[in-house]
Amino acid sequence: MVPPTPSDPTSTPQVPPSSRRHRSKRRLSLRALLFRYAMTPALILAVLLCLLFTLQQMSDRRDLLLSHGRASAEQLVELIHLSDGYAFEERIQWLDKSLMALMLERDMIRSVQLYRADLNSAGEEEFKLISSVGPRPRTIFTADELRGKSAHVHEDLKSLQVLQPLIGDDANCWLSIELHRPYFLVGTYQVALVGLVGLIICSLVALVWAVAMSERASRSMDRIKESLRIIGTGKFATRVPNSHNLELFQLGEEINQMARNLAEYHRDYQEGLHQTMEDLRQSLDAMEEQNIELEIARKKAEENSRVKSTFLANTSHEIRTPLNGIIGFTNLLLKTEVDQLQHDYLQTIQRSSENLLTSINDILDFSRIESGNLVLDHSPMNLGQVLEETLQILAPYGYEHNLELVPFVDPQLPPSQIGDPLRIKQILTNLVSSAIRCSENGSIPVRIAVLSGKESELMVRISITDNGERCDDQGRRELRLLLTGTANQQQLSNSGMGLGIARNLVHSMQGEIGLDENEQGGCTYWIQLPLTIDRNRIAVTREQFPGCRLLLVDPNPMTRQQIYQQLSYWRAAPLEHNDGESLVPAVEQMWRHDALPDGLIIDTALANNDFDGFISTVQQLIDTYQCRVIIQGSPVDLRRCYDALRTRVLAFLAKPVSREGLLRALKRAVPQQAQSRPQTGTFPALPWPTQPRVLVVDDYEANRRLMSELLRAQHIETTLADSGEEALRLWRGQHFDMIFMDIQMPGLDGIATTQTIRSEESGRRTPVIALTAHAGTEEKSRLLSAGLDDYLSKPVSESQLTHTVKRWMEVSSNGAPTPLTTLMEPRLVDIADSLNLANQDARLARDLLRMLLKGLHEDEQALASMAQSGDYLAMFERVHRLHGGCCYCGVPRLRTATEQLQELLRPLQEKHLDGEKAETQRTPLSDDDLPDKATFETVYKLVRKEIRGLRDWAADQDLDALFGLECEVEQAGPGETDLDHRL
């Protein structure tokens, strides 16, 4: 039996030692209890009987005494009455003799008196003693006290008297016989003595009986106690001897039965224990064998995982390398002079290649998510463009089920954000594909809405709505399970795996994903993603077509609404028409009223498979009414009418309609509103003070040519090398501002080449950017640890290349050098310097740099406010604090700029402190005290420029990856850094 613990609510409460001692003193043995229970009734009964006998005897003796007194008084009164015939003197003498005889005969009579009431000299009546025998009575009565009373007994503390009036005499005469009290008391004492002797005898008898009973019970209990003690030691063969008492006999039998049961339980326990020990030994042997098998299986699984990772990495490299050339050269070809249909074909090739890249990423990301090695990219992107490209790739799949994919992009969405475009495209591809599988005959709207924005932070919501015609309730439940992560991962289909990857990617981006049902029977897939606004990109000019009247002819209200909203955002005046049969009369009516629109956007859905009639209608509008026509529709429908209308219409617009395609078509339809487009597309050439020189190292010729073309478009002189050995030879003989290094090359690979460069270089550090098809966490850490500064994942896009070049090389806003160009010579961020300042403690260096970057926005706003108000003293304190933070981080350019501004303001601070020491009143600073305005403006602008440059750099960086701490971050809590523990 397990003793109750203190925490058990049913356990016995703990009693203090003093209370236990106090209670133990009051405990009585069974012998004492039996003795008391046997003695107490006998004593009480004996005392009661003795008292009763004594009181009864006292009452009887008193009654006897009184009856004797009354009888004597009655006899005397009768004798006196019979002697009425004699003389008074004779009667008195006779009475004296009679009273004397009475006294001699009765020892219980103390005295006898005869009273008579006579008048005294004063005429008052008083008693006179006529005759008396014995001593004077203790109590004497007056005539008034006895007048009119009958015979009675008077008893008080002094005497006991029997009063009897005389018979037949008119005089007031009384006979008083005083009884002898000692006679009564002696009898009482005798009776009490007899009762006391009886009480003592009864007590002795009761004492003997109680002692005998208690001793007998005590011996019986001692035998039972001794038997229990022996049984408690484990000797279960012990038995309690029989007793003549029924209850003790039954108790003994129960104890003996308990001993028999314990002996049986003990025997079973011993047998069970032996069996359990044997089973345990066998189980341990089996577990040892299983552990050996599991260890072998674990090693095999690790080997299989390594082989799988190697295979995936090699497959990724082999596929990404040609894709890099396909996508890159397709992008270059799009910038050449091609007709619109060729442009659409090239875009289809480009998007199909990107779709293939997305599928490859799906496979790789599924493996990375399983192993926990997923790393997100941080590069500039246009979320609206990512959505439009995704829908254009999936549009043919939707047309198979008579579905149109319609993108709606919030006009408030900034033109450039920082994120992972490929992963976002994966998410959209999986969700839109699931919506297509659940829908038929209709439209699938995909909306991007800006929920909130604060400084550089942005929260967007992307929603995809299906009509649910091909999905039942069971399918909806499966979708909901997939999106909530409760589905069985081992039984996922291809679509289920895609949704699972989408869910994990959204969670990795710190976003949310969900599924809501709508009233039309379909459902809405939605995701919320936090993004960072790219402040480092040139602002895109908002296109405007004020007063431009455009007629939208489309039977589909969803696509009509999309184009209507976009045209309204461009300040155009769109008109809507949805009936193909009444189109020509409507245009004719407008023509007659001189209200012909500036352009017509006609959808091929009006043809309804009658493309001959559709072509004739369009030709009639162009020839008869001189309309400017834009044809929109699916690529299949556009090809059916392209040959007949390519010389007649102004533009062909493929659906889903993108904003860029619509803008290009409008510029052709309304040339007076068109603006010139840069030859290099959306990424204009960067301005350089002097033309930089870049070395590109890659063993694949297509990649070298692609990098050369992309860098040439940025006015960068490029030198090519096909191996690590050639790269070292060129680097030793020439100076390069940046090196793009392929990692996987035969012979001397990229890492070994970079390590050789780092060991030989002296002075200024040359940025080395990795070109790799691997994008895993371990690969990224390995590259950064080997001495590379950054990496680009193949295929390399023009936006990623431009962003990387701008990050690591100095770009001048104009051709003239500034007076402080020497401040721009060091790097913006020097990781090696940060490590040196932190005594090679990577975690401390990361946390110090993170703390500095976190306060840059507040410092910039405070400095701007102080500069505007002219509070130079407060500005000195702020710059001094900022410079102190820079001294512990590898930010040499910001450190030098803040130091120069601090020294420029220091004389003002020293003058202020001298005035406070002299207890002078603080006065406003005069113009002579202020620094040179031109110099101050130059230095102040440089500080702000460096702050903004550092903030833009931080928006794209993963500090944990830069310092090689990705694995350690997972062990800390969210938002928790090593510096927090140190503080």
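Look up a bit, the structure's there.
All figures in this text were calculated on a predicted structure; none of them were measured in a lab.

Caption draft 1: The overall build of the protein chain, seen in detail. Check the secondary structure of the protein chain and you find 30 helices and 22 strands. The 983 residues of the protein chain split such that 44% are buried. Restricting the contact set of the protein chain to residue pairs at least 6 apart, pairs at least 24 apart contribute 70%. Accessible surface, the protein chain as shown: approximately 52700 Å² in total, 53% of it carbon and sulfur.

Caption draft 2: Molecular detail of the packing of helix H14 (residues 611-625) against helix H15 (residues 635-645). Between H14 and H15, the shortest axis-to-axis distance is 11 Å and the interhelical angle comes to 45 degrees. Relative to H15, the element H14 is oriented oblique. The two elements H14 and H15 cross, and the hand of that crossing is right-handed. Contact residues: H14 offers Phe611, Ile615, Val618 and Gln619, while H15 offers Asp637, Arg640, Cys641, Ala644 and Leu645. For the contact of H14 with H15, the class distribution of residues is six nonpolar, one polar and two charged.

Caption draft 3: How the structure looks around the sheet that holds strand E16 (residues 629-633). Spatially, E14-E13-E15-E16-E17 is the arrangement adopted by the five strands of the open sheet, whose pairing is parallel. At either end of the open sheet lies a strand with only one pairing partner, and these are strand E14 (573-577) and strand E17 (651-654). Adjacent strand axes in the sheet meet at a mean angle of 20 degrees when their direction is disregarded. The strands that helix H13 (residues 583-592) touches are strand E13 (549-553), E14 and strand E15 (599-603); relative to E13, the one it contacts most, it runs at about 165 degrees. H15 rests against E16 and E17 of the sheet, and its axis sits at about 170 degrees to E17.

Caption draft 4: Just the sheet that holds strand E1 (residues 109-119), in detail. Reading across from one edge, E2-E1-E5-E4-E3 is the order of the five strands in this open sheet, with antiparallel pairing throughout. Each having just a single partner strand, strand E2 (125-133) and strand E3 (152-155) make up the two edges of the open sheet. For this sheet the average axis-to-axis angle between neighbouring strands, irrespective of direction, equals 25 degrees. Strand direction decides the pairing type here: strand E4 (residues 160-165) and strand E5 (residues 173-179), joined by five bridges, are antiparallel. From the neighbouring strand, glutamine 164 faces E5, where its bridge partner is leucine 175.

Caption draft 5: Region of interest: the packing of helix H18 (residues 724-733) against helix H19 (residues 750-760). As a packed pair, H18 and H19 sit with axes 10 Å apart at the nearest point and diverge in direction by 25 degrees. Looking at the two axes, H18 sits roughly parallel to H19. For H18 against H19, the interelement crossing comes out right-handed. Contact with H18, carried on its side by Gly724, Ala727, Leu728, Trp731 and Arg732, involves Thr753, Thr756, Ile757 and Glu760 of H19 and no other residues of that element.

Caption draft 6: Seen up close, the pairing of strand E20 (residues 738-742). Burial analysis of E20 places five of its five residues in the buried class, which makes it a mostly covered element. What you see with E20 is no split at all: Met738, Phe740 and Asp742 on one side and Ile739 and Met741 on the other are buried throughout. Judged from the four bridges that link them, strand E18 (residues 693-697) and E20 form a sheet pairing that is parallel. In the strand pairing of E20, valine 694 is matched with methionine 738. Direction of pairing for E20 relative to strand E21 (residues 768-772): parallel, over a ladder of four bridges. Note that in E21 the partner of phenylalanine 740 across the bridge is isoleucine 769. The β-α-β motif built from E20, the intervening H19 and the parallel element E21 has right-handed crossover chirality.

Caption draft 7: Up close: the pattern of salt bridges. By the definition in use, this model includes 28 salt bridges. A salt bridge links glutamate 761 to arginine 758, with the nearest nitrogen and oxygen atoms 3.0 Å apart. Across the pair, exposure class does not vary: glutamate 761 and arginine 758 are buried alike. Among the ionic pairs, arginine 878 bridges to aspartate 859, the shortest N-O distance being 3.0 Å.

Caption draft 8: Main features of the state of the cysteines. Enumeration according to the criterion identifies zero disulfides in this entry. Cysteine 523 forms no disulfide, and the closest cysteine sulfur to it belongs to cysteine 438, at a distance of 6.1 Å. A residue is classified by how much of its surface remains accessible, and cysteine 523, at 0% relative accessible area, is buried. Here cysteine 889 is not disulfide-linked; the sulfur of cysteine 886 is the nearest cysteine sulfur, at 7.0 Å. The class of cysteine 889 is buried, set by a relative accessible area of 2%.

Caption draft 9: Structural context of the environment of leucine 146. Along the polypeptide, leucine 146 turns up in helix H4 (residues 143-146). The exposure class of leucine 146 is buried, given its relative accessible area of 4%. In this structure, the C-alpha to C-alpha distance between leucine 146 and proline 165, residues 19 residues apart in sequence, is 9.0 Å. Once residues lying within four places of it in the same chain are set aside, the contact partners of leucine 146 are Phe127, Phe141, His152, Leu163 and Trp174.

Rules of the game
Residues numbered from 1 in each chain as written. Predicted model: local features only at pLDDT ≥ 70, side-chain atom pairs only at ≥ 80, totals over all residues. Heavy atoms only, no water. Helix = DSSP H or I, 4+ residues; strand = E, 2+ residues; numbered from the N terminus. Buried < 20%, exposed > 50% of the residue type's maximum accessible area, 1.4 Å probe, protein only. Contact = heavy atoms within 4.5 Å. Areas by Shrake-Rupley, 256 points an atom, 1.4 Å probe, with all protein chains shown as cover. Axes fitted to C-alpha atoms, helices over the stretch in contact; angles between N-to-C directions. Parallel < 35°, antiparallel > 145°, perpendicular 65-115°, else oblique. Left-handed = near helix turned anticlockwise from the far one by under 90°. Nonpolar A, V, L, I, M, F, W, Y, C, P; charged D, E, K, R; others polar. Pairing = 2+ DSSP bridges. Right-handed = clockwise from strand over helix to strand, strands pointing away. Salt bridge = Lys/Arg side-chain N within 4 Å of Asp/Glu carboxyl O. Disulfide = S-S within 2.5 Å.

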